[in-house]
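Residue strings, one per chain:
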Amino acid sequence: MKTSLSDIHTYVVGIQYENPFAENSSFFEIQRKVILTELAEEVAEYLINGNPSYPAFPPESNPVVWYAMNLDDQEDGDVLDILKKEIENCSSLNTAA
């Protein structure tokens, strides 16, 4: 099944960030039922601005997308590369505005 940017699917995204209170990196996971472009916008916000709620992390903690899966795709739900491309598109649109 090919993931379309305009179809609603259930996605899970893992974000890794440097935790100043732990020796190892920490993870933050979100699960959303949205279109991929909406997910990319939300994840881009986390990467740019950090996360003010639990688990809280500042943008200086170097957050990165660690994994992204389409849970509705039983064959191959990996959408990491597609999501990263959409995040880049969001970032470039924000800097152009």
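A brief report on the enclosed structure follows.

Rules and cut-offs
Residues numbered from 1 in each chain as written. Predicted model: local features only at pLDDT ≥ 70, side-chain atom pairs only at ≥ 80, totals over all residues. Heavy atoms only, no water. Salt bridge = Lys/Arg side-chain N within 4 Å of Asp/Glu carboxyl O. Helix = DSSP H or I, 4+ residues; strand = E, 2+ residues; numbered from the N terminus. Patch = residues over 30% accessible without salt bridge, like charges linked within 9 Å, V, L, I, M, F, W, Y side chains within 5 Å. Areas by Shrake-Rupley, 256 points an atom, 1.4 Å probe, with all protein chains shown as cover. Lys, Arg positive; Asp, Glu negative; His and termini not counted. Charge placed at Lys NZ, Arg CZ, Asp CG, Glu CD. Pairing = 2+ DSSP bridges. Axes fitted to C-alpha atoms, helices over the stretch in contact; angles between N-to-C directions. Contact = heavy atoms within 4.5 Å. Polar contact = N/O pair within 3.5 Å; in protein donor to acceptor, adjacent residues only side chain to side chain. Phe/Tyr/Trp six-rings, centres within 6.5 Å; stacked < 30°, edge-to-face > 60°. Buried < 20%, exposed > 50% of the residue type's maximum accessible area, 1.4 Å probe, protein only.

Re the pattern of salt bridges
Inference 1: For the structure shown, the criterion picks out one salt bridge.
Inference 2: Glu42 serves as the salt-bridge partner of Arg32, at 2.8 Å between the closest nitrogen and oxygen. Of the two residues, Arg32 is situated in strand β2 (residues 25-34) and Glu42 in helix α1 (residues 36-49); the sequence distance between them amounts to ten residues.

Considering a negative patch on the surface
Inference 1: On the surface, Glu75, Asp76, Asp78 and Asp81 cluster together into a patch of negative charge.
Inference 2: Following the sequence through the fold, Asp81 ends up in helix α2 (residues 80-96).

Section: the sheet that holds β2
The strands making up a sheet are joined through hydrogen bonds of the backbone, oriented either antiparallel or parallel.
Inference 1: Within the open sheet, the three strands sit side by side as β2-β1-β3. Their pairing is antiparallel. The outermost strands of the open sheet, each flanked by one partner alone, are β2 and β3 (64-70). Neighbour-to-neighbour, the strand axes of this sheet turn through a mean angle of 20°, independent of strand direction.
Inference 2: Sheet analysis places strand β1 (residues 9-18) next to β3, joined by six bridges and oriented antiparallel. Bridged to Gly14 within β3 is Tyr67.

A closer look at the environment of Asn62
Inference 1: Positionally, Asn62 belongs in the loop between α1 and β3.
Inference 2: In this structure, the C-alpha to C-alpha distance between Asn62 and Lys84, residues 22 residues apart in sequence, is 15 Å.
Inference 3: Once you skip the residues sitting within four places of it in the chain, Asn62 turns out to touch Gln16, Tyr17 and Glu18.
Inference 4: Looking at Asn62, its side chain comes within polar contact range of the side chain of Glu18, at 3.1 Å.

Focus: the packing of aromatic side chains
Inference 1: In the structure shown here, the tally under the stated rule is four aromatic pairs.
Inference 2: With centroids separated by 6.0 Å and ring planes inclined at 65°, the aromatic side chains of Phe27 and Trp66 adopt a geometry described as edge-to-face. With Phe27 in strand β2 and Trp66 in strand β3, this pair connects stretches of sequence that are 39 residues apart.
Inference 3: On the basis of relative accessible area, Phe27 is assigned to the partly exposed category, the value being 45%.
Inference 4: Their ring planes at 65° and their centres at 5.8 Å tell us that Phe28 and Phe57 sit as a pair that is edge-to-face. Of this pair, Phe28 sits in strand β2 while Phe57 sits in the loop between α1 and β3, placing them 29 residues apart in sequence.
Inference 5: Its relative accessible area of 8% is what places Phe28 among the buried residues.
Inference 6: By relative accessible area, Phe57 is classed as buried at 3%.
Inference 7: In textbook terms, an aromatic cluster arises when at least three aromatic residues are bridged by ring pairs, as seen for Tyr17, Phe28, Tyr46 and Phe57.

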